[in-house]
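Chain and residue survey
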Amino acid sequence: ARHLYICDFHKNLIQSVRNRRKRKGSDDDGDSPVQDIDTPEVDLYQLQVNTLRRYKRHFKLQTRPGLNKAQLVEIIGCHFRTIPVNEKDTLTYFIYSVKNDKNKPDLKIDSGVH
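Note that the structure is a prediction, hence the values are computed from the model and not measured.

Things to note about the overall build of the protein
From N to C terminus, the protein includes 4 helices and 0 strands. Counted from the first residue to the last, the protein has its helices and strands arranged as α-α-α-α. Expressed as a percentage of its 114 residues, the buried residues of the protein come to 16%. Taking as baseline every contact in the protein between residues at least 6 positions apart, the subset at least 24 positions apart corresponds to 44%. Here the protein displays about 9900 Å² of accessible surface, and carbon together with sulfur accounts for 54% of that area.

Digging into the nonpolar core
Formed by L44, L52, Y55, L61, L67, L72, V73 and I76, the largest nonpolar core amounts to 8 residues. Going through the elements one at a time, α2 (49–58) and α3 (69–82) are the ones with two or more residues in this core. With 3 residues, α3 is the largest single contributor of residues to this core. With near-sequence residues (within four places) excluded, L44 lies in contact with L52, V73, I76 and G77.

Concerning unusual backbone geometry
Phi at K60 takes a positive value of approximately 55°, unusual for a residue other than glycine. Examined against the element boundaries, K60 turns out to sit in the loop between α2 and α3.

Quick word on the packing of aromatic side chains
Evaluation of the coordinates by the stated rule reveals 1 aromatic pair. An angle of 45° between the planes, with centres 4.6 Å apart, marks the rings of Y55 and F59 as tilted.

Things to note about the side chain of H79
Inspection of the secondary structure puts H79 in helix α3. A polar side-chain atom of H79 sits 2.8 Å from a polar atom in the side chain of Y55. Ignoring anything within four residues of it in the chain, the contact list for H79 reads Y55, F59 and L61.

Section: a nonpolar patch on the surface
Taken together, the side chains of V42, F59, F80, I83 and V85 make up a nonpolar region of the molecular surface, amounting to roughly 380 Å² of accessible area. For V85, the location among the structural elements is in the loop between α3 and α4 (87–99). Overall, the relative accessible area of 41% leaves V85 in the partly exposed class.

A look at α4
Between its first and last C-alpha, α4 extends 18 Å over 13 residues, near the 18 Å set by a 1.5 Å rise per residue. Its side-chain oxygen 3.2 Å from the backbone nitrogen of K88, N86 forms the N-cap of α4. Positive backbone phi, approximately 55°, marks D101, located one or two places after α4.

The rules we used
Residues numbered from 1 in each chain as written. Predicted model: local features only at pLDDT ≥ 70, side-chain atom pairs only at ≥ 80, totals over all residues. Heavy atoms only, no water. Helix = DSSP H or I, 4+ residues; strand = E, 2+ residues; numbered from the N terminus. Buried < 20%, exposed > 50% of the residue type's maximum accessible area, 1.4 Å probe, protein only. Contact = heavy atoms within 4.5 Å. Areas by Shrake-Rupley, 256 points an atom, 1.4 Å probe, with all protein chains shown as cover. Core = buried A, V, L, I, M, F, W, Y, C linked by side-chain atoms within 4.5 Å. Phe/Tyr/Trp six-rings, centres within 6.5 Å; stacked < 30°, edge-to-face > 60°. Polar contact = N/O pair within 3.5 Å; in protein donor to acceptor, adjacent residues only side chain to side chain. Patch = residues over 30% accessible without salt bridge, like charges linked within 9 Å, V, L, I, M, F, W, Y side chains within 5 Å. Salt bridge = Lys/Arg side-chain N within 4 Å of Asp/Glu carboxyl O. Expected span 1.5 Å × (residues − 1).

Below you can see the structure in the form of structure tokens.
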């Protein structure tokens, strides 16, 4: 049988979130997103300007035209932090996708020669 393993970085990230939840107590029922001060930030500066513009267009964020990258990152960062995430569902879907090769594009091979 073929086994797929999660990388150490993501395994440690998942484990730290689980530990944080245990320390919080049983008042969290798992249906609401966890809002921690030490939640890792996403570095939006790593994205290209075109990607930031596509994000802005997808979520229909109202901005003035001609923004530079720093302005886009600030506006998108504010919006990104407001998106609720059900951590349990997200992790479940991530693990399902990895185990079922959903992260690889479907390639149809017509012949044995590439």
